[in-house]
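Below, each chain spelled out in residue letters.
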Amino acid sequence: MKRIKVYDSAFLLLFGLFFSLNSTAWALHNGPVSYNDSGVCGEDVTYRVEDGTLYIQGTGDMYDYFDTDRSRLWDLFSFTRVKIASGVTSVGSGAFYYSAGNGSPLTEVILPDTLGKIGENAFALCNNLEGLRLPESLRRIGSGAFSGCVKLEAVTIPARGRTVIPTGIAIALPSSGYVALVFARSGLGIKHGVAPSN
């Protein structure tokens, strides 16, 4: 009798695991997905995959992919480098969100001087991304944009650069000739005694 219960529990666990994975895949992709080496990823933004690099070019914002009905059309396993050309103004939410358990192949991202926003979960779980230089034009980083990027130890914000960064950041200055100022987003936090310490 106990063996049947163990097998029943194992079956339910496997059934639950299969159902949850299947539901997640369906929710992320909204059905079957086919990948292309080139295509459209914004109103006036296109992409192409060539020699292990994903090139994104055009003008304006990339599409958002996180919590939308839109699916990415590039295969995350087909490149290790992303180069976004000048003219592109945002990285769409979930654009490079990586949900596979064996690790993301993405190691390098080059952002343009026209970029104003990195969307929510844009690079989430890109666990091999190592360094990133943020452009001076960047004004907003969405929630969870770099969550799970465990090798991302260096993010460079240029001199006079200003960026809204979600909670959970540590700042290390290269020398005593630099200063970093962290401000609360609104007066509401200060009113209730919650404020960042500089």
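Residues numbered from 1 in each chain as written. Predicted model: local features only at pLDDT ≥ 70, side-chain atom pairs only at ≥ 80, totals over all residues. Heavy atoms only, no water.

(A) Region of interest: the side chain of Arg72. Relative to the helices and strands, Arg72 is located in the loop between β4 (60–61) and β5 (81–84). For the buried Arg72, no salt bridge exists, and the shortest N-O distance to an oppositely charged side chain is 8.6 Å, to Asp75. At 2.6 Å, the side chain of Arg72 and the backbone oxygen of Tyr97 are in polar contact. (Helix = DSSP H or I, 4+ residues; strand = E, 2+ residues; numbered from the N terminus. Buried < 20%, exposed > 50% of the residue type's maximum accessible area, 1.4 Å probe, protein only. Lys, Arg positive; Asp, Glu negative; His and termini not counted. Salt bridge = Lys/Arg side-chain N within 4 Å of Asp/Glu carboxyl O. Polar contact = N/O pair within 3.5 Å; in protein donor to acceptor, adjacent residues only side chain to side chain.)

(B) Region of interest: the packing of aromatic side chains. For the coordinates displayed, the defined rule picks out eight aromatic pairs. Ring centres of Phe96 and Phe123 lie 5.2 Å apart, and the angle between their planes is 10°; on these two criteria the pair is classed as stacked. Placement of Phe96 in the loop between β6 (88–91) and β7 (108–110) and of Phe123 in the loop between β8 (117–118) and β9 (131–133) is noted, with a sequence separation of 27 residues between them. Phe123 matches Phe96 in its accessibility class, with the two residues each being buried. (Phe/Tyr/Trp six-rings, centres within 6.5 Å; stacked < 30°, edge-to-face > 60°.)

(C) Focus on unusual backbone geometry. Backbone geometry at Asp51 places phi at a positive 50°, although glycine is not the residue there. When its relative accessible area of 77% is taken as the criterion, Asp51 is described as exposed. In this structure, Leu125 takes a positive phi of about 65° despite not being glycine. Residue position: Leu125 is located in the loop between β8 and β9. You can call Leu125 partly exposed: its relative accessible area is 36%.

(D) Fine view of the sheet that holds β6. Strand order in the open sheet formed by four strands is β4-β6-β8-β10, and the pairing between neighbours is parallel. Both outer strands of the open sheet, β4 and β10 (140–141), are each paired with one neighbouring strand and no more. Direction of pairing for β4 relative to β6: parallel, over a ladder of two bridges. Residue pairing across strands places Gly60 opposite Val88, the latter belonging to β6. (Pairing = 2+ DSSP bridges.)

(E) Focus on the environment of Glu108. Residue position: Glu108 is located in strand β7. C-alpha separation for the pair Glu108 and Leu132, spaced 24 residues apart in sequence, amounts to 7.5 Å. Excluding anything up to four places from it in sequence, Glu108 contacts Thr80, Arg81, Val82 and Leu129. (Contact = heavy atoms within 4.5 Å.)

(F) Representation of the pairing of β5. Of the two faces of β5, the one lined by Val82 and Ile84 is fully buried and the one lined by Arg81 and Lys83 carries no buried residue. Relative to β5, strand β3 (residues 53–58) is paired through four bridges, and the arrangement is parallel. Each residue of the ladder has a partner; that of Ile56, found in β5, is Ile84. Relative to β7, β5 is paired through three bridges, and the arrangement is parallel. What sits directly across from Val82, in β7, is Val109.

(G) Broad picture of the nonpolar core. Counting residues in each nonpolar core, the largest one holds 36 residues, and the members touching the most others are Ile56, Trp74, Val91, Phe96, Ile118, Phe123 and Phe146. Put simply, the parts of the chain that give this core at least two residues each are β2 (45–50), β3, β5 and β6. When residues in this core are grouped by element, the largest group, three residues, is from β2. Residues in contact with Ile56, not counting those within four places in the same chain, are Cys41, Val45, Thr46, Tyr47, Met62, Val82, Lys83, Ile84, Ala85, Val88 and Phe96. (Core = buried A, V, L, I, M, F, W, Y, C linked by side-chain atoms within 4.5 Å.)

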